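Structure at a glance
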Amino acid sequence: DPPTPQAGVVRAAKEGRQSLFVTVTVKEGKMDEYNELIQGHITNCFANDRCMYFDYGIPVDGDPNVVHLYEVYEDEAAYKEHKASAHLKDYVEKAEALTSSTTTMKLLTLAQYGSVNCNYAGECELSGEWD
């Protein structure tokens, strides 16, 4: 069984981390509302999921209504738990009024090399698992 999520505790798997890239198009004039919504969602992911990293940004060049989300979950089970969570369902329902239908998602399994494992507090390690 996967470990129970604990607020502020992240276990960095050596392999099998799941990364999700999401591109969202926010409706004209709705960016402030969307920013508030996504910030709450990110907080919920760190508090309730085994989410190792979650960030979002707006491209420097291009459409100012396009937002890119980058999420990393401890492993496949953690990602599936996130997909089944009540807070994700709540986010999706609220986001429907603020976004267009052009949202795209890409899920990747991350290799165990090529990155440093960091938790949301910015504490990083080069190998092993978090205590």
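Residues numbered from 1 in each chain as written. Predicted model: local features only at pLDDT ≥ 70, side-chain atom pairs only at ≥ 80, totals over all residues. Heavy atoms only, no water.

Turning our eyes to something else, we now look at the environment of Pro59. As for its placement among the helices and strands, Pro59 is situated in the loop between strand 2 (51-57) and strand 3 (66-73). The residues touching Pro59, leaving out its near neighbours within four places in the chain, are Val66 and His68. (Helix = DSSP H or I, 4+ residues; strand = E, 2+ residues; numbered from the N terminus. Contact = heavy atoms within 4.5 Å.)

What follows deals with helix 3 (residues 86-95). Within helix 3 the residues assigned to the buried category are His87, Leu88, Tyr91 and Ala95. All buried residues of helix 3 project into a common sector of 100 degrees when viewed along the axis, lining one side. Exposed residues lying more than 90 degrees from the buried face of helix 3 are Ala86 and Lys89. On its buried face, helix 3 sits against helix 1 (31-48), strand 3 and helix 2 (76-83). (Buried < 20%, exposed > 50% of the residue type's maximum accessible area, 1.4 Å probe, protein only. Arc of directions from axis to C-beta.)

So, on to the confidence of the model for the protein. Looking at the protein, pLDDT values average 80 and 73% of them are 70 or higher. Of all helices and strands in the protein, the one with the weakest mean pLDDT is strand 6 (residues 124-125) (58), whereas helix 3 scores best (96). Low pLDDT, under 50, characterises residues 5-11; the stretch is placed with 14 contacts to residues that sit more than four places away or in other chains. Confidence drops under a pLDDT of 50 for residues 127-131, and excluding neighbours within four residues, the segment shows 14 contacts in the predicted structure. (pLDDT = per-residue confidence, 0-100.)

Of all hydrophobic cores here, the largest spans 22 residues; its most connected members are Tyr34, Ile38, Phe54, Leu69, Tyr73 and Tyr91. Of all elements in the fold, only strand 1 (18-25), helix 1, strand 2, strand 3, helix 2 and helix 3 reach the threshold of two or more residues within this core. With seven residues, the single largest contributor to this core is helix 1. Contact partners of Leu69, with chain neighbours within four places excluded, come to Leu20, Phe21, Val22, Val24, Tyr34, Ile38, Phe54, Asp55, Tyr56 and Tyr91. (Core = buried A, V, L, I, M, F, W, Y, C linked by side-chain atoms within 4.5 Å.)

Read across the open sheet, the four strands follow the order 2-3-1-4; overall the sheet is antiparallel. Looking at the sheet topology across the chains shown, the edges are occupied by strand 2 and strand 4 (104-109). Mean inter-strand twist for the sheet, computed between neighbouring axes without regard to direction, equals 10 degrees. Of the strand pairs in this sheet, strand 1 and strand 3 are connected by eight bridges, and their pairing is antiparallel. Pairing of Val22 across the sheet is with Leu69, part of strand 3. The strands that helix 1 touches are strand 1, strand 2 and strand 3; relative to strand 2, the one it contacts most, it runs at about 170 degrees. In this fold helix 2 packs onto strand 1, strand 3 and strand 4, with an angle of close to 130 degrees to the strand it touches most, strand 3. (Pairing = 2+ DSSP bridges. Axes fitted to C-alpha atoms, helices over the stretch in contact; angles between N-to-C directions.)

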